[in-house]
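One letter stands for each residue in the lines below.
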Amino acid sequence: MAGVRGGGLDDETLQQLRSRATQLLLKEDWREYIAVCSRIVDGASDDRRVLCSALAHRADARARLGDAAAALADCDAALAADPVHPGALLSKGTILLGLGRYALAADCFRAAALAAGSGGGGADEARELVEQCRRLEAQARSGAVDLSEWVLAGFAGKYPDLAEYVGPVEVRRSARGGRGVFAVKNVEAGATLMMAKAVAIGRGVLQDTTDGGEKMVVWKDFVGKVLDAAEKCPRTAALIHTLSTGEEQQDDLVVPEMALFRQEPEDLSLTDGTNMVREGTQEVLDVDRILKVLDVNCLTEDAPAADVLGNNGIVNCGVGLWILPSFINHSCHPNARRTHVGDHAIVHASRDINAGEEITFPYFDVLVPVSKRREASRAWGFECKCDRCRFESEDFTLKQEILKSENDLVNGGDMGALVVRLEEKMRKSMAKERRKAFLRASFWSAYSAVYDSDKLVRKWGRRVPSEALVAESIADAVGGNENVLRAMLRGSKDANGCGNWLEVEDKVVRIGRATYGKVVKRHAMRALFRLTLDANNNINL
């Protein structure tokens, strides 16, 4: 006769439930798996070993469904019955790791290693997880990331583990209107400003980019992921509600406390700050508001301000929601870029930033004349009034030359003549270096056309500044940029016009760090250039 366990669960029934759980586990049917685990939990109240194991398994399944609060409650219930249960300790550590509570996760993994004893794979796995938590904790405190090994391996294997990090920045009222992100201390080019994990990402390969249907499928899938994440995690819902819907008056927007964006290691509150509305006994998302937030705050991975590492060309459409980076405003004289690695966006300074200066991205291509930038900003629903746009619109000495050069650019002709005339006008007007940089950036296509043509180089070479000099100048105006980096690499091969070779290498590395951030050591920079720049440029690295 089958033995009867606490709560009336006999051995035969327990075996049947375990068999059923194994089948559901293989199918990854997590909701049914949770239901089966719950039956075991309810029927094994007097069997501590069975109870703790079932609670730990249910915690894993709940975590997979995004219900971190319930998963942690299961782990704590198991640990209340058996404080050194290895499975519960591993489960709790894994959940805390996913929530970014690296120090607390490490404590769980250390306890799991001790509970598992000196031998066995469980102890080894736990010790490896402790080391992973140590690395992520260091990242979360310093923002320092080293992807050198991954880059040198040609982006082989899974994406590197990255932490979430909020650097020397805070959200404030912006002179541009609404809110923006500001530096709270001086930051040098390449330094990390923040590392953020996406709430959700929608990715796809668009076979025909003229067909909006495929993009709509990606978008609907992405929206579903965001709503699911907000429904499962009140903190995520609260963070989404800090973003603008685009319909508020600028002065009515609340400036959120930076504590919202920082996950303190000791803070395990997963329910505080929710912006759900209660309807009867159900918590209901404000779906309409979230959809409006997504319309104006999503970032694309192939944006002018972004570089994507390690996708190996598999994805050509990626849209995501990264909360804190969404507060960053546009400027045609930007000072920040972002590097996408997996689901993380690493935002870094693309040129030196002074304390109190607003952090800005280019929302669109800013290597074009001011009239084109005006059109682009209107399409985005705002008018750019950055210092570069004001100069190019209001400087009476150069205004006529700018208009003439824009017309020549549109109508075609000899780009060498355009460049020479523009350089001569800047020299005669005694334009400052920053203003020269602005104009060279605006007419980059003309400069690029000259450098790309052996005929134009032979005709105008003596009167046109070197490619490396122009690239360095433009980098000062728009920060790091792959087009500018490519020009610097090509123009500096012979150290022509930009110092000795050591000086040239320093300039190349500086623009490289402004483009990608300080994500690799200097010895890996060449590999990063080789792997991410167009292979058809015939640049000898």
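Residues numbered from 1 in each chain as written. Predicted model: local features only at pLDDT ≥ 70, side-chain atom pairs only at ≥ 80, totals over all residues. Heavy atoms only, no water.

(A) Up close: the sheet that holds strand S8 (residues 299–300). Spatially, the three strands line up as an open sheet ordered S5-S10-S8, and their pairing is antiparallel. Pairing within the sheet leaves two strands with one partner each, and these edge strands are strand S5 (200–204) and S8. For S8 and strand S10 (residues 317–321), the ladder comprises two bridges, and the chain directions are antiparallel. The partner of Thr300 across the bridge, within S10, is Val319. (Pairing = 2+ DSSP bridges. Helix = DSSP H or I, 4+ residues; strand = E, 2+ residues; numbered from the N terminus.)

(B) Structural context of the pairing of strand S3 (residues 179–183). Counting buried positions over the five residues of S3 gives five, a clear majority of the element. In S3, alternate side chains face the same way, and those of Arg179, Val181 and Ala183 on one face and Gly180 and Phe182 on the other are all buried. Looking at chain direction, strand S2 (residues 169–173) and S3 are connected through five bridges and run antiparallel. Each bridged residue has a counterpart across the sheet, and for Val169 the counterpart in S3 is Ala183. The antiparallel pairing of S2 with S3 creates a hairpin that spans five residues between the two strands, and Gly177 there sits at a positive phi of about 110°. Bridge count between S3 and strand S14 (residues 358–361): two bridges; the pairing is antiparallel. Paired with Phe182 across the bridge in S14 is Glu358. (Buried < 20%, exposed > 50% of the residue type's maximum accessible area, 1.4 Å probe, protein only.)

(C) Inspection of unusual backbone geometry at higher detail. The phi torsion at Glu28 lies on the positive side, around 60°, for a residue other than glycine. Mapped onto the secondary structure, Glu28 falls in the loop between helix H1 (11–27) and helix H2 (30–43). Even without being glycine, Phe155 reaches a positive phi, approximately 60°.

(D) Here's a closer look at helix H4 (residues 68–81). When the terminal C-alpha atoms of H4 are compared, their 20 Å separation across 14 residues agrees well with the 20 Å that a helix rising 1.5 Å per residue should span. Residues of H4 that are buried in the fold lie against helix H3 (48–64) and helix H5 (86–98). (Expected span 1.5 Å × (residues − 1). Contact = heavy atoms within 4.5 Å.)

(E) Quick peek at the environment of Gly479. Examined against the element boundaries, Gly479 turns out to sit in the loop between helix H19 (467–478) and helix H20 (482–491). Owing to a relative accessible area of 1%, Gly479 belongs among the buried residues under this scheme. With 129 residues separating them in the primary sequence, Gly479 and Ser350 have C-alpha atoms 4.6 Å apart.

(F) Local environment of the sheet that holds strand S13 (residues 344–349). Pairing within the open sheet is mixed, and its five strands lie in the order S1-S4-S13-S12-S9. Only two strands of the sheet have a single neighbouring strand rather than two, namely strand S1 (165–166) and strand S9 (306–309). Pairing geometry for S1 and strand S4 (residues 192–197), over two bridges, is antiparallel. Its bridge partner lying in S4, Tyr165 is registered against Met195.

(G) Local environment of the packing of helix H16 (residues 433–442) against H19. Contact geometry for H16 and H19: axes closest at 8 Å, N-to-C directions at 100°. Here H16 is positioned roughly perpendicular relative to H19, judged by the angle of their axes. Facing H16, whose interface residues are Lys436, Ala437, Phe438, Arg440 and Ala441, H19 presents Leu469, Val470, Ser473, Ile474, Ala477 and Val478. (Axes fitted to C-alpha atoms, helices over the stretch in contact; angles between N-to-C directions. Parallel < 35°, antiparallel > 145°, perpendicular 65-115°, else oblique.)

(H) Quick peek at the environment of Val145. Along the chain, the position of Val145 falls in the loop between helix H7 (121–142) and helix H8 (148–152). If near-sequence neighbours (up to four positions away) are discounted, Val145 is found in contact with Gln139, Leu162, Met195, Lys518 and Val519.

(I) Quick peek at helix H11 (residues 287–297). The complete set of buried residues in H11 reads Ile290, Val293, Leu294 and Asn297. The arc enclosing the buried residues of H11, seen along the axis, measures out at 100°, which places them on a common side. Those residues of H11 that are exposed and aimed more than 90 degrees away from the buried face are Asp288 and Asp295. (Arc of directions from axis to C-beta.)

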